[in-house]
Amino acid sequence: MSRETRPGGTYLRIIESSLQLFNEQGERNVSTNHIANHLGISPGNLYYHFGNKDEIVVQLFKRYSEELQTYLTQTELPDNIAKMATYMAGVYRVLWGYRFLFSDVNALLMRSTELLGEHNQFTRERVAPLIIKLLRKLNEKSIIEIDEIGIRDLSVNMWLITKYWFDFDRSLDQDNRLDERAQSRGVYRTLSLVRPYIQKAHLAEFDRIMADMSPAAPATAPRTLSLEDVETTLNLIDDRFYAYGLSALLVTVGLYFTVRTRGVQLRHLGTMIRSITG
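Keep in mind the model is a prediction, meaning the values are calculated, not measured.

S.K.: Looking at this structure, how should I read the overall build of the chain?
M.R.: Helix and strand counts for the chain come out as 13 helices and 0 strands. Looking at the chain as a whole, 42% of its 278 residues are labelled buried. Within the chain, counting contacts between residues at least 6 apart in sequence, those at least 24 apart form 71% of the total. When the accessible surface of the chain is split by element, carbon and sulfur atoms take 53% of a total near 15100 Å².

S.K.: Is there a simple way to think about unusual backbone geometry in this case?
M.R.: Where the residue is not glycine, phi is negative for most of them; where a peptide bond is considered, it is trans in most cases. If you check the backbone angles, Ser142 has positive phi at about 60° while not being a glycine. Considering the arrangement of structural elements, one finds Ser142 in the loop between helix 7 (113–140) and helix 8 (148–171).

S.K.: Help me out: how do you make sense of helix 2 (residues 32–39) in this one?
M.R.: Each α-helix turn comprises 3.6 residues. Residues three or four places apart therefore point the same way. Here helix 2 has its buried residues at Thr32, Ile35, Ala36 and Leu39. On an axial view of helix 2, the arc spanned by its buried residues comes to 95°, and they lie on one face. Packed against the buried residues of helix 2 are helix 1 (10–25), helix 3 (43–49) and helix 4 (53–74). Residue Gly40 follows helix 2 closely and has a positive phi angle near 75°.

S.K.: Just to check I follow, could you spell out helix 5 (residues 81–97) for this structure?
M.R.: When the terminal C-alpha atoms of helix 5 are compared, their 25 Å separation across 17 residues agrees well with the 24 Å that a helix rising 1.5 Å per residue should span. Along helix 5, the positions that sit buried rather than exposed are Ile81, Met84, Ala85, Tyr87, Met88, Gly90, Val91, Tyr92, Val94, Leu95 and Trp96. Sitting at the head of helix 5, Asn80 places a side-chain oxygen 3.2 Å from the backbone nitrogen of Ala82.

S.K.: Quick question: what am I supposed to make of the packing of aromatic side chains here?
M.R.: Each aromatic ring pair is described using two quantities: the centre-to-centre distance and the angle formed by the ring planes. Within this structure, the stated rule accounts for 9 aromatic pairs. One aromatic cluster in this structure is built from Phe61, Tyr64, Tyr98 and Phe102. Geometry around Trp96 places Arg99 over its ring, the cationic atom sitting 4.0 Å from the centre.

S.K.: Would you take a moment to explain the nonpolar core for this structure?
M.R.: A general feature of soluble globular proteins is that nonpolar side chains tend to end up buried together. If you look at the biggest cluster of nonpolar residues, it comprises 71 residues, and the most contacted ones within it are Ile35, Ile56, Tyr64, Leu68, Leu101, Ile144 and Leu191. Considering each element in turn, this core owes the most residues, 10 residues, to helix 5. With sequence-adjacent residues up to four places away left out, Leu191 is seen in contact with Met84, Ala85, Met88, Phe206, Met210 and Met213.

S.K.: Please explain the pattern of salt bridges as it appears in this structure.
M.R.: Opposite charge on two side chains permits pairing when their charged atoms draw close. Under the counting rule described, the total for this entry stands at 9 salt bridges. In this structure, Arg181 and Asp179 form a salt bridge, with 3.4 Å as the shortest nitrogen-oxygen distance. Ionic pairing is found between Asp207 and Arg195, a salt bridge with its closest N-O pair at 2.8 Å. Within this pair, whereas Asp207 is found in helix 10 (residues 200–212), its partner Arg195 is found in the loop between helix 9 (181–192) and helix 10, the two being separated by 12 residues in sequence. For Asp207, a relative accessible area of 29% translates into the label partly exposed. Several salt bridges converge on common partners, so that one network encompasses Asp169, Asp179, Arg181 and Arg185.

What counts and how
- Residues numbered from 1 in each chain as written.
- Predicted model: local features only at pLDDT ≥ 70, side-chain atom pairs only at ≥ 80, totals over all residues.
- Heavy atoms only, no water.
- Helix = DSSP H or I, 4+ residues; strand = E, 2+ residues; numbered from the N terminus.
- Buried < 20%, exposed > 50% of the residue type's maximum accessible area, 1.4 Å probe, protein only.
- Contact = heavy atoms within 4.5 Å.
- Areas by Shrake-Rupley, 256 points an atom, 1.4 Å probe, with all protein chains shown as cover.
- Arc of directions from axis to C-beta.
- Expected span 1.5 Å × (residues − 1).
- Polar contact = N/O pair within 3.5 Å; in protein donor to acceptor, adjacent residues only side chain to side chain.
- Phe/Tyr/Trp six-rings, centres within 6.5 Å; stacked < 30°, edge-to-face > 60°.
- Lys NZ or Arg CZ within 6 Å of the ring centre and 35° of its normal.
- Core = buried A, V, L, I, M, F, W, Y, C linked by side-chain atoms within 4.5 Å.
- Salt bridge = Lys/Arg side-chain N within 4 Å of Asp/Glu carboxyl O.

In structure tokens form, the structure reads like this:
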């Protein structure tokens, strides 16, 4: 049995304690010395297993990606509205367990080329095809009505909201805290992207389920979202993602308009998006 899989071994204890500390205090606020002190081991013992903190982060990302991949591949794809909500709640549960990864995620990616590679491969080869598969099944079941271009664009927007949700939700709290209710708020916000495509026969049920999970108030008294809040949140996003985020917003607005107007073509939308993304 390798040190990586030995139950109770120092390697696994470092991984598990790091995850706990990163989630509770934020990865930036936790050093390898903090982790060693928490475990009651010497820094040298920790460095025997990991050369630096980034190596720990990479291993935690691999655990997260394996856990999410297992959930997405082993959980039956939903074939009705209620199951769709339950399915997305399961996705958010996995992300919640590794929520530190989604706080200032771009800074983490830029710090480690290995993590960047793992992240891009996971998103491109594992997550994206499964979201597309989900939307195609809902389309085949006549729960939603959407074409192939819409499926591809909606899959990107759903993952975009899901991936960055915890960071955004935290920014709306006066004390910059995150509580477990952020999961249900995230499920609500992700599924809200699907509403324009819901078939009329299922719309009442969809709205009822969404009303039942309507976002709860933040842990502290909510404040009005100002332009400064929006600017602060946007500044958290690395410049190289800005254009793609803006294009995703345009696609969401454009596709919603197209659906609601029963096929009106927005001829200049594609040109606008191409000019933004280069």
